[in-house]
Amino acid sequence: MTDLLFSCLLKDSPMCPITVNGVEHQVPARLSVAAALLYLGNLAIRKHPVSSEARAPFCYMGVCFECLVIIDGQHKQRACLREVMPHMCIETAMVGVNP
Amino acid sequence: MSPANNKLSPYDWIIVGGGLVGASIAYGLIQKQPQLRILVLDGGDTDHRASVGNFGLIWVQGKGNDFPAYANWSLQGADLWPEFARQLSHKSQIDIAYQRQGGLEFALSQHQLSVLREEMATMSRHTQGRFQYTLLDRNAALALQPGLGEAVVGAAYSPQDGQVNPLYLLSALHKANRLLGVEYQSRCPVEHIEVLEHGFNAAGSLAKHIVLCAGLDNQRLGKQLAMHLPVTPVKGQILITERAEAGKLPYASPQMRQTAEGTIQIGGSHEHKGLDNRSSLDIMQTIANDAVTIMPELAKLHLVRSWSALRVMSPDGAPIYQRSTKYQGAFGVCCHSGVSLAAAHAGLLSSWLLNTLDRDQKILIEAMNNDRFAV
Ligand SMILES: Cc1cc2nc3c(=O)[nH]c(=O)nc-3n(C[C@H](O)[C@H](O)[C@H](O)COP(=O)(O)OP(=O)(O)OC[C@H]3O[C@@H](n4cnc5c(N)ncnc54)[C@H](O)[C@@H]3O)c2cc1C
Ligand code: FES
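In this text the structure is predicted, and so the values were computed from the model without any measurement. (Residues numbered from 1 in each chain as written. Chains lettered and ligands numbered in written order. Predicted model: local features only at pLDDT ≥ 70, side-chain atom pairs only at ≥ 80, totals over all residues. Heavy atoms only, no water.)

**Quick notes on the site of ligand 1**
All names here are of chain B. The immediate surroundings of ligand 1 are formed by 38 residues, with Asp-42, Asp-47, Ser-51, His-336 and Ser-340 found nearest. In this structure, His-48 approaches ligand 1 through a main-chain N or O atom, which is 3.5 Å from an oxygen atom. Between ligand 1 and His-336 there is a distance of 2.7 Å, counted from an oxygen atom to a backbone nitrogen or oxygen. Protein chains bury 96% of the 1000 Å² of accessible surface belonging to ligand 1 in isolation. Elements with a contribution of two residues or more to the shell around ligand 1: α2 (20–32), α7 (218–224) and β15 (303–313). Examining the composition of the shell around ligand 1, we find that three residues originate from one element, β15, more than from any other. (Near = heavy atom within 4 Å. Polar contact = N/O pair within 3.5 Å; in protein donor to acceptor, adjacent residues only side chain to side chain. Areas by Shrake-Rupley, 256 points an atom, 1.4 Å probe, with all protein chains shown as cover. Helix = DSSP H or I, 4+ residues; strand = E, 2+ residues; numbered from the N terminus.)

Structure below.
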């Protein structure tokens, strides 16, 4: 229950296939979508609607709404509250931005 | 100086309550007379605090329709805001997101529109034409706010309304006060105020003057200083949407405003439920529906937060500025529009407390004492 958040990265974790912006990737199973995006090297994933500043998941616990992505066609999903599932299809508003 | 030493020599002023009212008054006092020793005694974080749950409007429309002094006071307060905001942001280095782009009060029926017409005309009369407004038919309202729902038949617009981030306002006041030398103690609820020969003892600290700014607790504390301060809680519920592009709602209204961060704040409920400050689904649905009736496209936005808070309400909704006639140096301030009037409290009201106002201003403020509730 109280495993470290990223303990799956330390052991030989089973991998999970997901698609991010149309590209297939393997990420450790049991990560949240937000953590998986970070694992894949995506820092910023969207723009602030007012300032257009690059934004990234911040609280990882569902309160800041900085991590919104599209998951399997459903808009405005909080990436930090969803666990990766095999063949999950994730789309981010900003692509490949690693400031 | 250690706190123990401080307690021996009396303060010039003790302010009971560090919400918007107490913090604005302390800010005004210390700026006018920097040598004053001022102590703010505040309660704890679980107290009812309108100052951290409000809507953030600096509103003039409809304030004091049946109370000319309050109408003039609200307008003066709003007119003092631009300079107050500039100075406060400068002193505290906090951007409080003050804007005065004007506000809209929507009418959903011809009857509501004619009530608004009456109210606006009355306010203009009370203020000798200084209150500015335009009554808009549906097309004129649409020109200002595109996307209005079918049900909106018109609106009243006043360029004198504005908005601010009320949380930044409160923390800017506290920060500026600290920098200017006001002392502040939190988690220090005042249970009992002892009247001394030349002053007061509150929670072990002594002062020559005391101002009660304890929000809903003013009624209880007022009695100890022979002041009738009738305030009751009126609950308001608020919803926050996800952030939307800037400019969705260029003008604030009592039902909705867009914050500088992009979220849209929805509110406008009034419930008499005592000290119960819980949110409830039925009221959340009602205010969400009302907002969508006015602006249908809001239905597309997700809600991300909700809360409710208790207004500090006097019997007629106007502020109470009271001087204790029995105990010299004791005052009580109760105010439902503590955001709108923050500049007036820091400016004119603190001069009233220091007894440095000219006659006309004094008469205006004293028209809002509790004599009007006499039985
Ligand atoms: C939902 C809602 C929406 C609102 N919208 C607006 C708006 O848009 N525009 C506007 O102008 N106004 C608005 N208001 C009103 C505004 O928030 C209040 O007028 C203002 O916050 C009152 O400030 P206050 O300092 O008197 O009270 P409070 O914020 O209640 O502060 C009282 C302080 O006193 C302390 N205290 C209490 N008892 C004691 C004690 N015995 N000893 C020591 N300390 C004590 C408390 O801890 C607290 O810090 C709104 C209010 C609500 C609830
Ligand atoms: S990271 Fe804050 S809500 Fe997801």
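**What to know about the nonpolar core**
Residue and element names in this part refer to chain B. Ile-25 and Trp-73 are the most contacted members of the largest nonpolar core, which has 33 residues in total. For this core, the elements supplying multiple residues, two or more each, are β1 (11–16), α2, β2 (38–41), α3 (68–92), β17 (330–334), α9 (342–353) and α10 (359–366). Ignoring anything within four residues of it in the chain, the contact list for Trp-73 reads Pro-319, Tyr-321, Leu-341, Ala-344, His-345, Leu-348, Leu-349, Leu-364, Ile-365 and Met-368. In terms of nonpolar packing, the next biggest core, distinct from the first, is built from 31 residues, Ala-23, Leu-170, Ala-176 and Ala-343 among them. (Core = buried A, V, L, I, M, F, W, Y, C linked by side-chain atoms within 4.5 Å. Buried < 20%, exposed > 50% of the residue type's maximum accessible area, 1.4 Å probe, protein only. Contact = heavy atoms within 4.5 Å.)

**Notes on the interface of chain B and chain A**
Frequently, the measure chosen for interface size is the accessible area that the parts lose on association. Between chain B and chain A, the residue contacts involve twelve residues of the former and nine residues of the latter. Roughly 800 Å² is buried in total at the junction of chain B and chain A, and carbon and sulfur atoms are behind 54% of that figure. Looking at the side of chain B facing chain A, the largest losses of area belong to B:Glu242, B:Arg243 and B:Val304, adding up to 51% of the total buried there. Remark: the boundary between chain B and chain A carries two salt bridges. One salt bridge connects A:Lys76 with B:Glu242, and the closest N-O pair in it is separated by 3.0 Å. Counting residues per element, the ones that place at least two in the side of chain B that touches chain A are β12 (232–243) and β15 of chain B. (Buried area = accessible area lost by both parts, 1.4 Å probe. Salt bridge = Lys/Arg side-chain N within 4 Å of Asp/Glu carboxyl O.)

**Digging into the domain arrangement of chain B**
Residue and element names in this part refer to chain B. Each domain of chain B was delimited in the assignment, giving domain 1 (11–54 + 167–230 + 317–372), domain 2 (103–159) and domain 3 (232–313). In this structure, domain 1 and domain 3 have C-alpha centres spaced 29 Å apart. Taken together, the contact between domain 1 and domain 3 spans eleven residues of the former and 13 residues of the latter. Buried area between domain 1 and domain 3, summed over both chains or domains, comes out near 1000 Å², and the portion from carbon and sulfur atoms is 66%. Area buried by domain 1 at its contact with domain 3 is led by His-48, Leu-216 and His-336, which between them contribute 47% of it. Counting the contacts that link domain 1 with domain 3 gives zero salt bridges. Counting across the domain 1 and domain 3 interface gives one residue pair in polar contact (both at pLDDT 80 or more). (Domains from an automatic or database assignment.)

**Topic: the pairing of β17(B)**
Residue and element names in this part refer to chain B. With respect to burial, β17 is a largely interior element, five of its five residues being buried. Side chains of β17 alternate between two faces, with Ala-330, Gly-332 and Cys-334 and Phe-331 and Val-333 buried alike. Looking at chain direction, strand β11 (residues 205–212) and β17 are connected through three bridges and run parallel. If you follow Leu-212 over to β17, its bridge partner there is Gly-332. Relative to β17, strand β16 (residues 320–323) runs antiparallel, the two being bridged by four bridges. (Pairing = 2+ DSSP bridges.)

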